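Chain and residue survey
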Amino acid sequence: MALTKKRLLELYCDMVSIRKFEEAVENYSKNGTIPGFIHLSIGQEAAQAGVVGALKKTDYKFPDHRGHGAICLCGTEKKRVMAEIFGKVDGINGGRGGSMHINDLSCRNMGFNGIQGSTVVTALGTAFASTYKKTDAVTAVFMGDGTLGEGTCHESMNMAATWKLPIIYCLLNNQYAISTHYTESHPQKQLATWADGYEVPNEVVDGNDIEAVVEAVERAAERARKGEGPTLLEFMTYRWQGHFSGDPAAYRPDGELEAWQQKCPINRSRKQLMEIHGCSGAELDELDARADAEIAEAVQFALDSPWPDPKNALKHVYATVQVEDWK
Amino acid sequence: MALTKKRLLELYCDMVSIRKFEEAVENYSKNGTIPGFIHLSIGQEAAQAGVVGALKKTDYKFPDHRGHGAICLCGTEKKRVMAEIFGKVDGINGGRGGSMHINDLSCRNMGFNGIQGSTVVTALGTAFASTYKKTDAVTAVFMGDGTLGEGTCHESMNMAATWKLPIIYCLLNNQYAISTHYTESHPQKQLATWADGYEVPNEVVDGNDIEAVVEAVERAAERARKGEGPTLLEFMTYRWQGHFSGDPAAYRPDGELEAWQQKCPINRSRKQLMEIHGCSGAELDELDARADAEIAEAVQFALDSPWPDPKNALKHVYATVQVEDWK
Amino acid sequence: MARKLSYAKAINEALHQEMEHDPSVFILGEDVARMGGDFGITQGIWHKWPDRARDTALSESAIIGLSVGSAVCGLRPVAELMFADFVTVCYDQLVNNAAKIHFMYGGEASCPIVVRAVTGSGIRCAYHHSQSIEPWLMNIPGLIIVAPATPYEAKGMLISAIRNNDPVVFLEHKLLYNRKGEVPVEPYEIELFKAEIERKGDDITIVATMRMLDLAHAAAKELENEGVGVEIIDPRTLFPLDKRTIIESVAKTGRLVVVQEGPKVMGFGAEIGAMVSEEIFEYLRAPIKRVTSLDVPIAFSPELEDYVNPTMDHVLAACRSVMSF
Amino acid sequence: MARKLSYAKAINEALHQEMEHDPSVFILGEDVARMGGDFGITQGIWHKWPDRARDTALSESAIIGLSVGSAVCGLRPVAELMFADFVTVCYDQLVNNAAKIHFMYGGEASCPIVVRAVTGSGIRCAYHHSQSIEPWLMNIPGLIIVAPATPYEAKGMLISAIRNNDPVVFLEHKLLYNRKGEVPVEPYEIELFKAEIERKGDDITIVATMRMLDLAHAAAKELENEGVGVEIIDPRTLFPLDKRTIIESVAKTGRLVVVQEGPKVMGFGAEIGAMVSEEIFEYLRAPIKRVTSLDVPIAFSPELEDYVNPTMDHVLAACRSVMSF
Ligand SMILES: Cc1ncc(C[n+]2csc(CCOP(=O)(O)OP(=O)(O)O)c2C)c(N)n1
Ligand SMILES: Cc1ncc(C[n+]2csc(CCOP(=O)(O)OP(=O)(O)O)c2C)c(N)n1
Ligand SMILES: [Mg+2]
Ligand SMILES: [Mg+2]
């Protein structure tokens, strides 16, 4: 059940668009326009595009701190995501959250929470709501190899497995948590097998192979929708940049990055599109150019958007109480 | 490698002494002499006596909230444990802790912490200290089936497995966490298999068979001392009383208690002593009577001990600061 | 409204009525369903609504995380934490998740959860089951902390808390569960951010909550004989605080005594004392006074536990000292 | 003592010297060993003492739990929590384990751990990486909360904290890491429970910590020109607090302004304000004032974050208002 040409082309565009988005963010972060720190997902596009691409619009998605790509694909307008990252008033959350906190309920992008492992338990709630309301919505929660160290992962997996909640744990194993290799902080050879302890189905997936990602997620989603409970998918992948934009990543052995760059998920799909599906290089270049244009527009939007009114800092603290402004 | 008669006799005495201790506590709790609430371990004597009995004096033991038996066997004088439970000044912690918090560093009884799952991570520290100081001390931490729900269990197991720390997780599966059967809150058929997810050796042990308990702990301790890391042992057992003394335990199906009472660990060893080792009933009765006398003495000591001076409430808050008494 | 109910039963009734009233309400927690709660507060709910009452594992972070996630989807979970001391194991979920949801979503989503927890000391269960955790949550914008003192308040404020769209930590004092009082049969709401003036008086304002109100009332009676008029205010919602009611009272009496269970340092008496000193200093005729527990963990032995907590005599002494200042 | 070091480097030096000084000291935390810490504070330690520096998984409860257990066995762990906001995920281990060990063992054991954590706002990382967590830990008898403001204090207080036998949460402000100042080369201790009078003055006492001291000093200079003498006190150890130094100062000046990062409600300004109002009311010539952040989560956008925090102008305004009262 290989992907159709049409589907693969769409996913290719999604991946390219993530790459371009991240490259733009990197530029504007490095030149100081974007405040704060930024986690980039260059190299991990297939895992993001594949997971979101295999799910329905009505499914709940919890991207993680390295999740600009997944966020955009949920359906939030890219330019409003970009403006959020720039801290501008037209950001989807008015500049309140920035890179790490981009929530958009309208497209079921349930956002990230700067505390690693937190969304892993919040995901129980959206999944529980699906069973409570008897809808078929599945919840997909992204988590890193490092994040698996948090106690919340256990509480979540234990409860989801016991209650057979419709959750897909999308573990993006990009080898490192900041500087710590996953084999230094976890006892398993493959993290997926951790789920064996809960009798939860799990798979190790080539996270740079968009087809493999989509198919694994489709299988997991089907199980979840049938009421058979959670699945853990470990997507093996790699982040090309350091932990945050600017991290020199001196902890990586020589040649490791280059070896992974050979496995670039975008090149891989490009090759497939050309070799198997007969696309021409020019055709694909044009798609790339379109993505460029779209991102350029998003950046311009973010640059043009004004800073938020400082008084906005006092809005939305409570739904039912207005906070005092004594300034 | 069955236990010698001598060893089995000792363990028999340990179990009897736990039983008598708990019965006395129950009486004085029910008649209102002992303040607060009490968790009794009647029915679970073999798991307590077997674990402590298989370890060295220098090993660190973390009994749990249902752990009077393990505490006494660590070596703290029974009468001072009893006085602690009565809230008296001669209690091992001066009446500060009561039934749930009985610490005695001098015999490496590391006590319990009223927050379930807390000692499971503290145990990492005593085990780490053993490796840091290059001693052969092993750490045994008791935990219930319910306690396995806490996130700390994951953080502890993950770290212990990665660093190969000398810990024995002694999971006393007495079927219930308060009213909740373990199959309702956990996905595994046997909780021991949870450790598979960490590639940690684990065993399901008949927790009412003192020989099986001792042997399993000896195996685990040997592994730990050899630097091979943690083990999880699931001791299948049952608490005859409710969750706390006074809980009618209406959640238990008819006949369940009676079936487990048939498997009384003390009767079982008694039978073995008589049938295999040729002990006479009278001989064993006398040992029982000695335990009775010892407990009666402990109770008397606790009754006679005065209440603590109220001002003691201000002592030992800090090692380095004296707290203000404005009263 | 002659019917009397215990504080425990009043809470139970509120839960039943809200389950009835709104199908998006459900309960979850350890032993809350089949057994009806460790303190018996959720009794009968699982029998009527088996699909809407869930016994969980000992997983407090999961309990709150699940509550938050489901609340964003429009449900109204009422989670039980059992002992309030256990907020420590799910503190992150309250502080960084529940409290910030509305803000994180820029107002697009809200987090209507209620977390019920049994607070306070007095039943000899030592330092891990006796803490007054209120202050640990009162520096967290986005949270609401409710502390009812009577069966009437318990029912009405729980109903309000469940209907409110922000996360509410609903504290129940273990020593109040058997307290009886008049409670209307029908459901009713009590406005959340409104302090109650429990007693009128012109000379001293006592602010107290939950069990400490007993000490305040006893002291007030005693002082009445001495010709001193005590006004007693129960904030009921500790955070956000109804500052105005307290300020108006102290502006009148010129004297403030806060009676509070839990350590003095950084207890909520600090906030109330500082707030009054800051905002209406010119009306103060005497120093503010805090009558609190000692700054120690709560020990087990009755002799020790009782020594730690404030008594009526301490309240009287504080009142006399501000009167004679 | 002419040598200047940054606050970050001063902390690093203290760690190196204590590792050297006492073989029972070790460090652990996420990325503290090989990489030398997310903020670079533990650099060089792993290279010298590979067995005494441990990179951990993302398991903050395990980090603190391990620290506590090893401390009871006589070791002296220095754990790094990275962002102080993460105390929420190991709050129980601090509140119910570390803080209570000495008490639990009836004095037989103690818990000499140091937990380093990076507090405060100002680097645009939004509400989960910018909180001022001090108040969340100051109602917990058994804990010590230290908040150094200068490189000199950072080194000396960290050494004292490591040698102290109680659990210390050692807060480092992210905006101070690059701050330079004179630091003696040799190891030295600074007494933990002693506030520092940073500046003498007769008219107003300002109490401030960490980054807020800058605002206090700037305001003091400005006010000097107006003939107003400002005394500035840095408590340095926030809990337990050196009340006496503050009280003696306010008894002299009659006016107290607390400048504090973090929400006003239940910030430590509340405690200091209430304490002074309670203990030396008769010396107060004006209301106490709290200059604090707004009661909101810290938003990301620079415009929003900056609006939330207090500025020198707010300090000035508060000082002028107490002077003209
Ligand atoms: C509770 C908590 N601990 C630590 C951190 C700091 N931190 C942020 S990301 C990160 C590493 C996460 O690694 P991983 O889960 O593998 O995700 P990756 O960054 O590789 O995508 C750490 C330690 C945090 N945000 N929250
Ligand atoms: C963090 C935390 N959650 C809940 C409790 C309340 N509690 C005390 S014992 C217990 C059940 C424990 O069950 P289990 O671990 O099976 O031990 P058992 O009582 O059966 O010996 C519960 C829920 C607690 N003390 N701490
Ligand atoms: Mg990673
Ligand atoms: Mg059990």
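Residues numbered from 1 in each chain as written. Chains lettered and ligands numbered in written order. Predicted model: local features only at pLDDT ≥ 70, side-chain atom pairs only at ≥ 80, totals over all residues. Heavy atoms only, no water.

**Structural notes on the overall build of chain C**
- Secondary structure assignment for chain C yields 11 helices and 14 strands.
- Relative to its length of 325 residues, chain C is compact, with a C-alpha radius of gyration of 20 Å against a globular reference of 20 Å.
- Projected onto the principal axes, the alpha-carbon positions of chain C cover approximately 60 × 45 × 40 Å.
- Counting across all 325 residues of chain C, residues that qualify as buried make up 75%.
- The contacts in chain C between residues at least 6 apart in sequence include a share of 82% that link residues at least 24 apart.
- Summing over all exposed atoms, chain C offers an accessible surface of approximately 8500 Å²; the carbon and sulfur share of this is 49%.
- Counting 31 positive and 44 negative side-chain charges, chain C places the centres of these two groups 3 Å from one another. (Helix = DSSP H or I, 4+ residues; strand = E, 2+ residues; numbered from the N terminus. Rg over C-alpha atoms; globule rule 2.2 N^0.38 Å. Buried < 20%, exposed > 50% of the residue type's maximum accessible area, 1.4 Å probe, protein only. Contact = heavy atoms within 4.5 Å. Areas by Shrake-Rupley, 256 points an atom, 1.4 Å probe, with all protein chains shown as cover. Lys, Arg positive; Asp, Glu negative; His and termini not counted. Charge placed at Lys NZ, Arg CZ, Asp CG, Glu CD.)

**So, the packing of aromatic side chains**
- If you walk through the whole model with that rule in mind, you get 38 aromatic pairs over all chains.
- Where tyrosine 132 of chain B meets phenylalanine 26 of chain D, the ring centres are 5.3 Å apart and the plane angle is 45 degrees; that geometry is what we call tilted. Placement of the pair is tyrosine 132 of chain B in helix H5 (residues 118-132) and phenylalanine 26 of chain D in strand E2 (residues 25-29), with the two residues belonging to separate chains. In terms of burial, tyrosine 132 of chain B and phenylalanine 26 of chain D fall into one category: buried.
- Here a set of aromatic residues connected by ring pairs shows up, and it is made of Phe37 of chain A together with Tyr7, Phe39, Phe83, Phe86 and Tyr177 of chain D.
- If you follow lysine 263 of chain A out to its NZ or CZ, it ends over the ring of tryptophan 260 of chain A, 3.9 Å from the centre.
- When the ring centre of tryptophan 163 of chain A is taken as reference, the NZ or CZ atom of arginine 54 of chain C above it lies at 4.5 Å. (Phe/Tyr/Trp six-rings, centres within 6.5 Å; stacked < 30°, edge-to-face > 60°. Lys NZ or Arg CZ within 6 Å of the ring centre and 35° of its normal.)

**Describing the interface of chain C and chain A**
- Facing 49 residues of chain C, the contacting portion of chain A comprises 36 residues.
- At the boundary of chain C with chain A, total buried surface from both sides reaches about 3400 Å², with 62% on carbon and sulfur atoms.
- Inspection of the chain C/chain A interface yields one salt bridge.
- Glutamate 324 of chain A is the salt-bridge partner of lysine 243 of chain C, the closest N and O atoms lying 3.2 Å from each other.
- Joining chain C to chain A, the criterion identifies 22 residue pairs in polar contact (both at pLDDT 80 or more).
- Put simply, the parts of the chain that give the side of chain C that touches chain A at least two residues each are strand E2 (25-29), strand E3 (53-55), helix H3 (60-72), helix H4 (91-97) and helix H5 (101-104) of chain C.
- Looking at the side of chain C that touches chain A, the element that brings in the most residues is H3 of chain C, giving 10 residues. (Buried area = accessible area lost by both parts, 1.4 Å probe. Salt bridge = Lys/Arg side-chain N within 4 Å of Asp/Glu carboxyl O. Polar contact = N/O pair within 3.5 Å; in protein donor to acceptor, adjacent residues only side chain to side chain.)

**Digging into the pattern of salt bridges**
- Taken as a whole and assessed by the stated rule, the structure comprises 86 salt bridges over all chains.
- Salt-bridge contacts for arginine 268 of chain A lead to aspartate 209 of chain A; the nearest nitrogen and oxygen are separated by 3.3 Å. Placement of arginine 268 of chain A in helix H10 (residues 265-275) and of aspartate 209 of chain A in the loop between strand E6 (202-206) and helix H8 (210-225) is noted, with a sequence separation of 59 residues between them.
- Its relative accessible area of 33% is what places arginine 268 of chain A among the partly exposed residues.
- The salt bridge involving arginine 124 of chain C is made with glutamate 305 of chain C; its shortest N-O contact spans 2.7 Å. Of this pair, arginine 124 of chain C sits in the loop between strand E5 (114-119) and strand E6 (144-146) while glutamate 305 of chain C sits in helix H10 (residues 302-308); the two residues are 181 residues apart in sequence, bridging distant segments of the chain. One exposure class covers both arginine 124 of chain C and glutamate 305 of chain C, and it is buried.

**A short note on the coordination of the magnesium ion (ligand 4)**
Residues and elements named next belong to chain B.
- Here the magnesium ion (ligand 4) is held by Asp145 (OD), Asn174 (OD1) and Tyr176 (O), and the distances to it run 2.0 to 2.1 Å.
- We note that the donor set of the magnesium ion (ligand 4) lies within a single chain, spaced as D-x28-N-x1-Y. Placement of aspartate 145 in the loop between strand E2 (139-144) and helix H6 (151-163) and of tyrosine 176 in strand E4 (residues 176-177) is noted, with a sequence separation of 31 residues between them.
- Under the relative-accessibility criterion, aspartate 145 is labelled buried at 2%.
- You can call tyrosine 176 buried: its relative accessible area is 7%. (Donors = N, O, S within 2.8 Å, 3.2 Å for Na, K, Ca; no water.)

**Some remarks on the domain arrangement of chain C**
Residues and elements named next belong to chain C.
- In terms of domain boundaries, chain C breaks down into domain 1 (3-183) and domain 2 (196-323).
- Inter-centroid distance (C-alpha atoms) of domain 1 to domain 2 is 26 Å.
- Contacts between domain 1 and domain 2 engage 32 residues on the former and 25 residues on the latter.
- When domain 1 packs against domain 2, the two sides together hide about 2300 Å² of surface, and 60% of this comes from carbon and sulfur. (Domains from an automatic or database assignment.)

**Examining the interface of chain C and chain D**
- If you look at the interface, chain C gives 48 residues, while chain D gives 48 residues.
- A combined buried area of about 4500 Å² lies between chain C and chain D, and 65% of that area is made up of carbon and sulfur atoms.
- Here chain C is connected to chain D by six salt bridges.
- Among the salt bridges present, the one from glutamate 278 of chain C reaches arginine 290 of chain D, with a minimum N-O distance of 2.8 Å.
- Taken together, the links from chain C to chain D amount to 21 residue pairs in polar contact (both at pLDDT 80 or more).

**Quick notes on the coordination of the magnesium ion (ligand 3)**
- Of the protein atoms, only Asp145 of chain A (OD), Asn174 of chain A (OD1) and Tyr176 of chain A (O) coordinate the magnesium ion (ligand 3), at distances of 2.0 to 2.1 Å.
- In primary-sequence terms, the residues that donate to the magnesium ion (ligand 3) follow D-x28-N-x1-Y.

**Describing the site of ligand 1**
- Near ligand 1, the surroundings consist of 21 residues, among which His65, Arg66, Thr147 and Tyr176 of chain A together with Glu60 of chain D are the closest.
- The environment of ligand 1 is shared, with nearby residues belonging to chains A and D.
- A distance of 2.7 Å separates an oxygen atom of ligand 1 from a polar atom in the side chain of arginine 66 of chain A.
- Between ligand 1 and glutamate 60 of chain D, the relevant distance is 2.6 Å, taken from a nitrogen atom to a side-chain nitrogen or oxygen of the residue.
- Coverage of ligand 1 by the protein chains reaches 98% of its 580 Å² of free accessible surface.
- A per-class count over the shell around ligand 1 returns seven nonpolar, nine polar and five charged. (Near = heavy atom within 4 Å. Nonpolar A, V, L, I, M, F, W, Y, C, P; charged D, E, K, R; others polar.)

**Notes on the site of ligand 2**
- Residues in close proximity to ligand 2 total 21 residues, the closest being His65, Arg66, Thr147 and Tyr176 of chain B together with Glu60 of chain C.
- At the site occupied by ligand 2, the surrounding residues belong to chains B and C.
- Between ligand 2 and glutamine 116 of chain B, the relevant distance is 3.0 Å, taken from a nitrogen atom to a main-chain nitrogen or oxygen of the residue.
- The fraction of the free accessible surface of ligand 2 (580 Å²) that becomes covered by protein chains is 98%.
- Among the residues making up the shell around ligand 2, the classes are represented as seven nonpolar, nine polar and five charged.

**Considering the sheet that holds E2 of chain C**
Residues and elements named next belong to chain C.
- Taken together, seven strands build an open sheet; the order of strands is E3-E2-E4-E5-E7-E6-E12 and the sheet is mixed. Each edge of the open sheet carries a strand with a single partner, namely E3 and strand E12 (237-239). In this sheet, neighbouring strand axes are inclined to one another by 20 degrees on average, regardless of whether the strands run parallel or antiparallel.
- Across six bridges, E5 lies against strand E7 (residues 168-173) in parallel orientation. Paired with valine 118 across the strands is glutamate 172, a residue of E7.
- Running over the sheet, H3 touches E2, strand E4 (76-83) and E5 and is turned about 165 degrees from E4. (Pairing = 2+ DSSP bridges. Axes fitted to C-alpha atoms, helices over the stretch in contact; angles between N-to-C directions.)

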